[in-house]
Each structure stands twice: as C-alpha cells, then as structure tokens.
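Observations on the model geometry
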Number of protein chains: 2
Amino acid sequence: MQAAFWVTVGLLCLTTAGLGNAQKPQPCRSPPLFMGGLTVGTQNEKVWAVGRYAYDAVQQRIHLGEMGTYNNKSFTYNALMLFDEGVLYEINHKEQTCVKKPLQSDFHPMAVPKGATFISQVVLGTSSAPGQGLLVNNWWGDMPDKQGNYILTFSEFGCFPVSALAKTKEFGWMSVSYYDNVLGAEPHWFIPPPFCADAELVESEDGKVTDFFSVFH
Amino acid sequence: MQAAFWVTVGLLCLTTAGLGNAQKPQPCRSPPLFMGGLTVGTQNEKVWAVGRYAYDAVQQRIHLGEMGTYNNKSFTYNALMLFDEGVLYEINHKEQTCVKKPLQSDFHPMAVPKGATFISQVVLGTSSAPGQGLLVNNWWGDMPDKQGNYILTFSEFGCFPVSALAKTKEFGWMSVSYYDNVLGAEPHWFIPPPFCADAELVESEDGKVTDFFSVFH
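First, a word on scope: everything that follows refers to the structure included in this document. Just so you know, these numbers come straight off a predicted model, no measurement behind them. (Residues numbered from 1 in each chain as written. Chains lettered and ligands numbered in written order. Predicted model: local features only at pLDDT ≥ 70, side-chain atom pairs only at ≥ 80, totals over all residues.)

**Brief notes about the interface of chain A and chain B**
- Listed per partner, the contact involves 24 residues of chain A and 24 residues of chain B.
- Residue assignment for the side of chain A that touches chain B shows that the elements contributing at least two residues are strand E7 (117-125), strand E8 (133-142) and strand E11 (172-183) of chain A.
- For the side of chain A that touches chain B, the element with the most residues is E11 of chain A, which contributes five residues.
- Across the side of chain A that touches chain B, the residue classes tally to eleven nonpolar, twelve polar and one charged. (Contact = placed C-beta atoms within 7 Å. Helix = DSSP H or I, 4+ residues; strand = E, 2+ residues; numbered from the N terminus. Nonpolar A, V, L, I, M, F, W, Y, C, P; charged D, E, K, R; others polar.)

**Notes on the pairing of strand E9 (residues 149-155) of chain B**
Residues and elements named next belong to chain B.
- Burial within E9 is extensive, with five of its seven residues counted as buried.
- Strand direction decides the pairing type here: strand E8 (residues 133-142) and E9, joined by seven bridges, are antiparallel. Along E9, the bridge assignment pairs Gly141 with Tyr150.
- Counting the residues between successive antiparallel strands, the hairpin from E8 to E9 contains six residues, one of them, Lys146, with a positive phi of roughly 65°.
- With five bridges connecting them, E9 and strand E10 (residues 161-168) associate as antiparallel partners. (Buried ≥ 20, exposed ≤ 12 C-beta atoms within 10 Å, placed from the backbone. Pairing = 2+ DSSP bridges.)

**Topic: the relation of the copies chain A and chain B**
- In screw terms, the move from chain A to chain B is a rotation of 180° and a rise of 0.0 Å along the axis, fitting with an RMSD of 0.0 Å. Accordingly, the operation relating the two chain copies is best matched by a two-fold axis.
- When you check the interface residues of chain A against chain B, 100% turn up at the interface there too, and the contact is symmetric in its surfaces. (Least-squares fit on C-alpha atoms with pLDDT ≥ 70 in both.)

**Digging into the environment of Leu201 of chain A**
- Looking at the secondary structure, you find Leu201 of chain A in the segment after E11.
- Not counting chain neighbours up to four residues away, the residues in contact with Leu201 of chain A comprise Lys100 and Pro102 of chain A.

**Description of unusual backbone geometry**
All names here are of chain B.
- A positive phi is found at Gln60, a non-glycine position, where the angle reads about 50°.
- In this model, Cys159 sits at a positive phi of 55°, which is unusual for a non-glycine residue.
- You can see Cys159 is positioned in the loop between E9 and E10.
- For Cys159, a count of 20 C-beta atoms within 10 Å corresponds to the buried category.

**Some words on the nonpolar core**
- Core analysis: the largest hydrophobic core is formed by 74 residues, its most contacted members being Leu124 of chain A together with Leu124 of chain B.
- Other than its neighbours up to four places away in sequence, Leu124 of chain A contacts Gly133, Leu134 and Val136 of chain A together with Leu124, Leu134, Val162 and Tyr179 of chain B. (Core = buried A, V, L, I, M, F, W, Y, C linked by C-beta atoms within 7 Å.)

**Overview of the sheet that holds strand E7 (residues 117-125) of chain B**
All names here are of chain B.
- Strand order in the open sheet made by the eleven strands is E6-E5-E4-E3-E2-E1-E11-E10-E9-E8-E7, with antiparallel pairing throughout. Two strands in the sheet have a free side with no partner beyond their single neighbour: strand E6 (97-102) and E7. If you compare each strand with its neighbour and ignore which way they point, the axes differ by 20° on average.
- Both E7 and E8 contribute to a ladder of eight bridges, which runs antiparallel. (Axes fitted to C-alpha atoms, helices over the stretch in contact; angles between N-to-C directions.)

**Description of the environment of Asn44 of chain A**
All names here are of chain A.
- Along the chain, the position of Asn44 falls in the loop between strand E1 (33-42) and strand E2 (47-56).
- Take Asn44: there are 13 C-beta atoms within 10 Å of it, and that puts it in the partly exposed class.
- For Asn44 and Tyr89, which are 45 residues apart along the polypeptide, the C-alpha to C-alpha distance reads 29 Å.
- For Asn44, the contacting residues outside a window of four places in its chain are Phe171 and Gly172.

**Some remarks on the environment of Gly36 of chain B**
Residues and elements named next belong to chain B.
- Counting through the fold element by element, Gly36 comes out in strand E1 (residues 33-42).
- As for Gly36 and Phe160, which are separated by 124 residues in sequence, their C-alpha atoms are 9.7 Å apart.
- Apart from residues no more than four positions distant in its own chain, Gly36 is found in contact with Tyr53, Tyr178, Tyr179, Asp180 and Asn181.

**Examining the sheet that holds strand E9 (residues 149-155) of chain A**
All names here are of chain A.
- If you walk across this open sheet you meet the eleven strands as E6-E5-E4-E3-E2-E1-E11-E10-E9-E8-E7, and the pairing is antiparallel. Looking at the sheet topology across the chains shown, the edges are occupied by strand E6 (97-102) and E7. Across the sheet, the mean angle separating the axes of adjacent strands is 20° when strand polarity is ignored.

Pasting the structure below:
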C-alpha cells in the first residue's frame, strides 16, 4: 500500500515536472496574415502616433498608416513596404503623390526574437471568469544594435503582439500598444494605388526602414 | 416593393441607432473583492515597482505590497489601509515592525471616475478566435487636483483595471499595469499581523494616502 503511494507520488512528480517544462512559454511567431491598430508614445514626448497596419508574412509586405505629432508638429505617414521587390512606397492619398524608394532591409516576421528571455506570464483582466482575461507572455532582450533593451508582450494563444517597450537612443523608452488584431487582410492593402505607377525610384540615403516593427526583429 | 425596401432600411436604421446607444460603453465599477498584481513606472524614471494588492470595497480596505526602486534606491513597501477605521498600517515583516498612522482619506471604490470621457473600445489580442482577445474601454479625464490628466483602461466584461496612465507633477507620466486579477480575497490579507497590536498611532503630516489607486478616484 505504502509502496503504491510512493509510486503514485513519483509518477505525479514526473508528470508535473514534464508539465512544467511543456508549459514554460515558448517563443512564438504571429499569424502570417493579419491587420491591427497601434498607438505609439515616447518617453521624451517627441513622438505620439496612432495608426493601422496590414501585415503579410507570406508575401513579405507591410502597409502602415499613421498620424500623430513629431516634435509638436502633426504628421501623417502612409507607407507600403514590399520586401520581396525591395521597394517602399510613401503614399500621400490627399495629394495623390507617391515616393518610391529602395528597401534594402530584410523582412523579419513578427515573432518573439531569437535570444529573447522569458520574463513572466500574466493574465490581463481576470482568469476568474471565462472570456474575461487574456493570457500573455512578457519577453526581454537586447536591441539588435545593443544600445538598448526591449520588453515585448505577446498573447499566449494566437501569438499576437500586445505591447512593446524599447529603449532607443533618440526617444528614450518607446511604447507601442497593439490592438484590434484581426486574422487576414484584404489584398488591396498591399497593391500600390494607381498614382504610384509613374513613381520613379528615388535613392534614399541608406535605404533602411525604421518602422515600429523593428523592435520585433 | 420599393416602399417595403425603404421601410426595411428605415427600421434597420432605427434598430442600429438604438443598438448604437445601448452599446456605447458605460462607466463601470470593479468587483467589490479581488486581488491582483501591478507594475509601476514613471516617465522621469524616479520610480519603478512591482507589487500585489488585495482590494475589498465591502469593508473598505486595501492591502498593497510592493518592491522596486525610488531614485535608484531599492525599497519595499507594505501597507494595510483600513478606511472604515481610519487607520493605515505600514508593515515590515522582516523586521517585525509596524507603524500605525491615521488615514483621513475616504475610501474610493475602483471604478471609471465620474466625469471621465469615453475614448475608445479596442480588443487586446484578437477577436478573430474565441478566448484570444480582451475587450477593453479607454477613458480620459482630469486628475482630481486638475494639474494633470489620466487615461484609464478597464475590461468591458468584468470591469477590471488593465492600465492607468496619469500625468503627475512629480513624476511626469506614471504608468500602471494591472494583471492577474482574481475574484475574491483571503480575509487574512486584511488583518494586521500580531506584531502590529502594540503599534501606537503616529500622527502623520497630513494623514493623506498617496497610493496607486488614487488615479481611480
């Protein structure tokens, strides 16, 4: 009887140890196709913005539209990044103008970065009632240029971005909140508007893109 | 036939207009008894803290324990606020010491403050799959002392606090994230520890409490 008890305890420990490993949150990758909204703010108050984006990791393209203030001046920015073609369109719908730039950055899928360290798993809202909480994982790491750190929050189920905090040289801490993610994206978001057809390629200074996804790289 | 069509459209408009009003998020009050965790950070980097709290709106008491840094010095703080009795206990479990102070503040239940303005309703995570999103409402308003503003986020279902941003004179923007809320709280969190029994009431300078719930008042 006692032997049976200890075998049971032993098996329980084995099982829970196994569970413990299996349940430690693993780095994840966001769905290949989705759209969402974001708000951006910086510690030094240089930037404040709200925007919407459409993300396609299959055909490697991102459309980002945002408006806000930069150094107390309001701005709007609308860019279609076609990483496959190596082209970035800066689109001004109001003026019907388009600037076509080379895009030399590689496409980086939205995901918990390699080398990120797991911090914690928490529930936003509550786990006391079904449908009243969102299980999220927090990750920490060094920025690619090593000049700062990031803290990223992804949902456990679905692996959608929830928030990003990144220490940057220019802005101090930059905070991005993600919301209203929906699976899928209408293809038209990734087609340059007609008035972009005549745009000639403008050589930019470095051809690199700084976008709000760069913290996920 | 055409008449029937327009009547249908008219009824549809009436219905949706009705729905529109009914579905505009209403200010809500958090459940009377719950526990949770929080993290606090300030724009000027003076304060960084993590903590846990137990909240009882029925018997008007709050227990808050936190640790962090203040002006680059680490601190721990553990306070039991009994608003009914008008007493605040500052508890040091390690040293087994207790400071008993008068608590002249009124108890303010955790809720969307009166006079707050609705900003937006968004989903954290996604609404594309069940259980992968958290519906939240954002509210904006003036701080009670009118020297700053706040932006509060509460979950639509359950009315739990999700985040608070408050502009303060001392810290600039103060950011509080709430998580791991569970309904209910063990009564022992609200009973002063035995070594508090001998604590004599110490007159504080103003008897007012500054806690991280003050932004909800």
